[in-house]
Amino acid sequence: MFLKRDISLGQYIYRESFIHNLDPRLKLISLFVIGIWLIFLKGNIALLFFCLPLIYMVFKSRIPFKIWYKGFRIFLWFFFIILFFYIWSESRPFQIDIAFFLRLRNGLSSGVLAAIRWAILIGFCLLFTMTTSPPEITTALESLLKPLKKIGFPVHELSIMAGLTLHFLPVLKEETDRLIRIKTVQGIDFEADNFIERLQNIIRLISPLIHRLFRHSETLAMAMESRGYSYNKANAERDV
Amino acid sequence: MKIFSNIDINIHHILSYPINLSENLNHVLGVMLFAILMTLGAFVRIHLPFTPVPITLQTLFMLLSGAFLGCGWGTVSMGFYLILGALGLPVFAGASSGILYILGPTGGYLLGFMIGAWIVGHIIGSGSCPSWKLIISSFSLATISLYVLGITQLMLWSRTSLKNALFMGFIPFIPGDILKILLAASILKLSHPISRSQRKIKINQKGNEE
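Looking only at helices and strands, chain B features nine helices and two strands. When the helices and strands of chain B are listed from N to C terminus, the series reads α-α-β-β-α-α-α-α-α-α-α. Counting over 210 residues, chain B shows a buried share of 49%. In chain B, 67% of the contacts between residues at least 6 apart in sequence involve partners at least 24 apart. Per element, the accessible surface of chain B, about 10400 Å² overall, is 70% carbon and sulfur.

Encoded structure:
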């Protein structure tokens, strides 16, 4: 059932490596630079220059290959879409003549190149999300987006909200598990065969769940206030 | 409705929970609400076999966030949604690894949500009751700007001609978007307090005449 599924918080995996210890701002900026570079990159051999450091960093990050394989597998269907689209658009299959095979070859080669480009981007993004913990990303985003404060974009508030959301997801999962256990004891069948009955049973969870979450958030708000956090000044530290 | 017949959702119990909402906190709740709605909208998705861009309900909530929260907080709610995605929470269409979706071919649409919410909020504003014409024109303008950004990034990434990019990222979505614009406009119009009170007055007048 979907409520029992794990809510995975990002893909952060802790290891001792120099990539984990880098400044998250540096990682974020370099990720954006690489992304924009890949968009405007011309030439095929240049792609190799992205592959080599990526492979080096993958080895240095000490993250097992099983996890890399899992990360790449999700995007497998996208590789097929890219290949199919390039072959279709460049070979023009309805126009039959001798040059068809030549066009097919061109389409295949450009499709494979596009897929490689996409794979390099996936690799760098996975490297970033696996080696940077969510709180680190929030601090990096906050300090990089600071100039937006001048036009009135509430950067600090947003980062606080993001941090609180991260804090609340495990609480949400715990409370949901507890409530499911309570309701099962009360005789509610969450794995009923009838779809409408199952939907009803899930809806029965929502009211107490929201109530409990309100209580939790009030406790948290009180804890923050008692430690001197003020919403309007927004000068308190994050680690309340 | 049959589905909800024998369930006791104690909505009164939830709503009467003693929270002192200041004006700021009200906005914060709105921001969070629309971020959650965007997430739910991302889970309602239909993948077409020939494009990387899925059909989702997100444009509907983008339009509504601009209209309900105003241009400032509407943009902030979309920005909050993007930040949650960048942190690695599974909130984007297609779920998993967040920052990849912002940098990848469909990232232009995600940035377009912010621009779209800003445009809607800027044109409609808050307070006064907007007319149908204003609502629908602002919604269409926001949707078009969303697609301009999205198609630009898609075209740069897939390195195809504009015609191909339009075929991948715009033409299949036109009928759905017209429906979403109409739905969002009717939701906004029905839920606006002024138009609601006007309807009540009309109903009362009819009752008096009869």
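Overall, the coordinates contain three cavities of 30 Å³ or more when judged by the stated rule. Considering only enclosed or pocket space, the largest cavity measures out at about 150 Å³ in volume. Lining the largest cavity we find 14 residues, and of these Phe 78 and Ile 82 of chain A together with Pro 105, Trp 157 and Ser 158 of chain B sit closest to its centre. For the lining of the largest cavity, the elements supplying multiple residues, two or more each, are helix H5 (76-91) and helix H6 (100-131) of chain A together with helix H6 (132-158) of chain B. Residue contributions to the lining of the largest cavity peak at five residues, all from H5 of chain A. Mapped by element, the contributors of at least two residues to the lining of the second largest cavity are helix H7 (134-144) and helix H8 (155-185) of chain A. Its residues assigned to classes, the lining of the second largest cavity shows six nonpolar, two polar and one charged.

Bringing helix H7 (residues 162-169) of chain B into the picture now. When H7 of chain B is considered as a whole, its buried residues turn out to be Ala 165, Met 168 and Gly 169 of chain B. The arc enclosing the buried residues of H7 of chain B, seen along the axis, measures out at 75°, which places them on a common side. Structurally, H7 of chain B contributes buried residues whose contacts are with H5 of chain A together with helix H5 (107-124) and H6 of chain B.

On to the pattern of salt bridges. Evaluation of the coordinates by the stated rule reveals six salt bridges over all chains. In this structure, Asp 23 of chain A and Arg 25 of chain A form a salt bridge, with 3.2 Å as the shortest nitrogen-oxygen distance. Its salt-bridge partner being Lys 180 of chain B, residue Asp 177 of chain B comes within 3.9 Å of it at the nearest N-O pair. One end of the pair, Asp 177 of chain B, and the other, Lys 180 of chain B, are both in helix H8 (residues 174-191), three residues apart, so they sit about a helical turn from each other. For Asp 177 of chain B, a relative accessible area of 6% translates into the label buried.

Residue and element names in this part refer to chain A. Following the sequence through the fold, Leu 164 ends up in helix H8. In the structure, Leu 164 is positioned 37 residues away from Asn 201 in sequence and 29 Å away in space, judged by C-alpha atoms. Ignoring anything within four residues of it in the chain, the contact list for Leu 164 reads Leu 220 and Met 224.

Glancing now at helix H2 (residues 24-40) of chain A. Residues and elements named next belong to chain A. Spanning 17 residues, H2 covers 25 Å between terminal C-alpha atoms, matching the ideal 24 Å at 1.5 Å per step. Of all the positions in H2, only Pro 24, Lys 27, Leu 28, Leu 31, Ile 34, Gly 35, Leu 38 and Ile 39 are classed as buried. Taken end-on, H2 shows its buried residues confined to a sector of 135°, consistent with a single buried face. Within H2, the exposed residues directed more than 90 degrees away from the buried face are Trp 37 and Phe 40.

Membership of the largest hydrophobic core comes to 95 residues, with the highest contact counts inside it found for Leu 38 and Trp 118 of chain A together with Tyr 81 and Phe 139 of chain B. With 15 residues, the top contributor of residues to this core is helix H3 (residues 58-86) of chain B.

This next bit is on the packing of H5 of chain B against H6 of chain B. All names here are of chain B. Running from N to C, H5 and H6 cross one another at 155°; their axes reach a closest spacing of 8 Å. Judged by the angle between their axes, H5 and H6 are roughly antiparallel. Here H5 and H6 pass one another in a crossing that is right-handed.

As a further point, take the side chain of Gln 58 of chain B. Along the polypeptide, Gln 58 of chain B turns up in helix H3. Among the polar contacts listed, one links the side chain of Gln 58 of chain B to the side chain of Thr 56 of chain B, at a separation of 3.2 Å.

Moving on, we come to the packing of aromatic side chains. Per the stated rule, a full pass over the model turns up seven aromatic pairs over all chains. Grouped by ring-pair contacts, the aromatic residues Tyr 109, Tyr 147, Phe 170 and Phe 173 of chain B constitute a single cluster.

This next bit is on the interface of chain A and chain B. In this assembly, 52 residues from chain A lie in contact with 48 residues from chain B. Between chain A and chain B, a total of about 4700 Å² is buried, with carbon and sulfur atoms accounting for 77% of that surface. Counting across the chain A and chain B interface gives zero salt bridges. Here chain A is connected to chain B by one residue pair in polar contact (both at pLDDT 80 or more). Looking at the side of chain A that touches chain B, the element that brings in the most residues is helix H9 (residues 195-226) of chain A, giving 11 residues.

Our focus in this paragraph is the packing of H8 of chain A against H3 of chain B. Interaxial distance between H8 of chain A and H3 of chain B falls to 10 Å at its minimum, and their mutual angle equals 50°. Judged by the angle between their axes, H8 of chain A and H3 of chain B are oblique. Judged by the sense of rotation from one axis to the other, the crossing of H8 of chain A with H3 of chain B is right-handed. For the pair formed by H8 of chain A and H3 of chain B, the contact residues are Leu 158, Met 161, Ala 162 and Thr 165 of chain A on the first element and Val 76, Phe 80, Ile 83 and Leu 84 of chain B on the second.

What counts, and where the lines are drawn
- Residues numbered from 1 in each chain as written.
- Chains lettered and ligands numbered in written order.
- Predicted model: local features only at pLDDT ≥ 70, side-chain atom pairs only at ≥ 80, totals over all residues.
- Heavy atoms only, no water.
- Helix = DSSP H or I, 4+ residues; strand = E, 2+ residues; numbered from the N terminus.
- Buried < 20%, exposed > 50% of the residue type's maximum accessible area, 1.4 Å probe, protein only.
- Contact = heavy atoms within 4.5 Å.
- Areas by Shrake-Rupley, 256 points an atom, 1.4 Å probe, with all protein chains shown as cover.
- 1 Å grid on protein atoms, 1.4 Å probe; cavity = no way out; pocket = protein on both sides within 12 Å on 5 of 7 lines; lining within 4 Å.
- Points joined across faces, edges and corners; volume = space filled by probe spheres on them.
- Nonpolar A, V, L, I, M, F, W, Y, C, P; charged D, E, K, R; others polar.
- Arc of directions from axis to C-beta.
- Salt bridge = Lys/Arg side-chain N within 4 Å of Asp/Glu carboxyl O.
- Expected span 1.5 Å × (residues − 1).
- Core = buried A, V, L, I, M, F, W, Y, C linked by side-chain atoms within 4.5 Å.
- Axes fitted to C-alpha atoms, helices over the stretch in contact; angles between N-to-C directions.
- Parallel < 35°, antiparallel > 145°, perpendicular 65-115°, else oblique.
- Left-handed = near helix turned anticlockwise from the far one by under 90°.
- Polar contact = N/O pair within 3.5 Å; in protein donor to acceptor, adjacent residues only side chain to side chain.
- Phe/Tyr/Trp six-rings, centres within 6.5 Å; stacked < 30°, edge-to-face > 60°.
- Buried area = accessible area lost by both parts, 1.4 Å probe.

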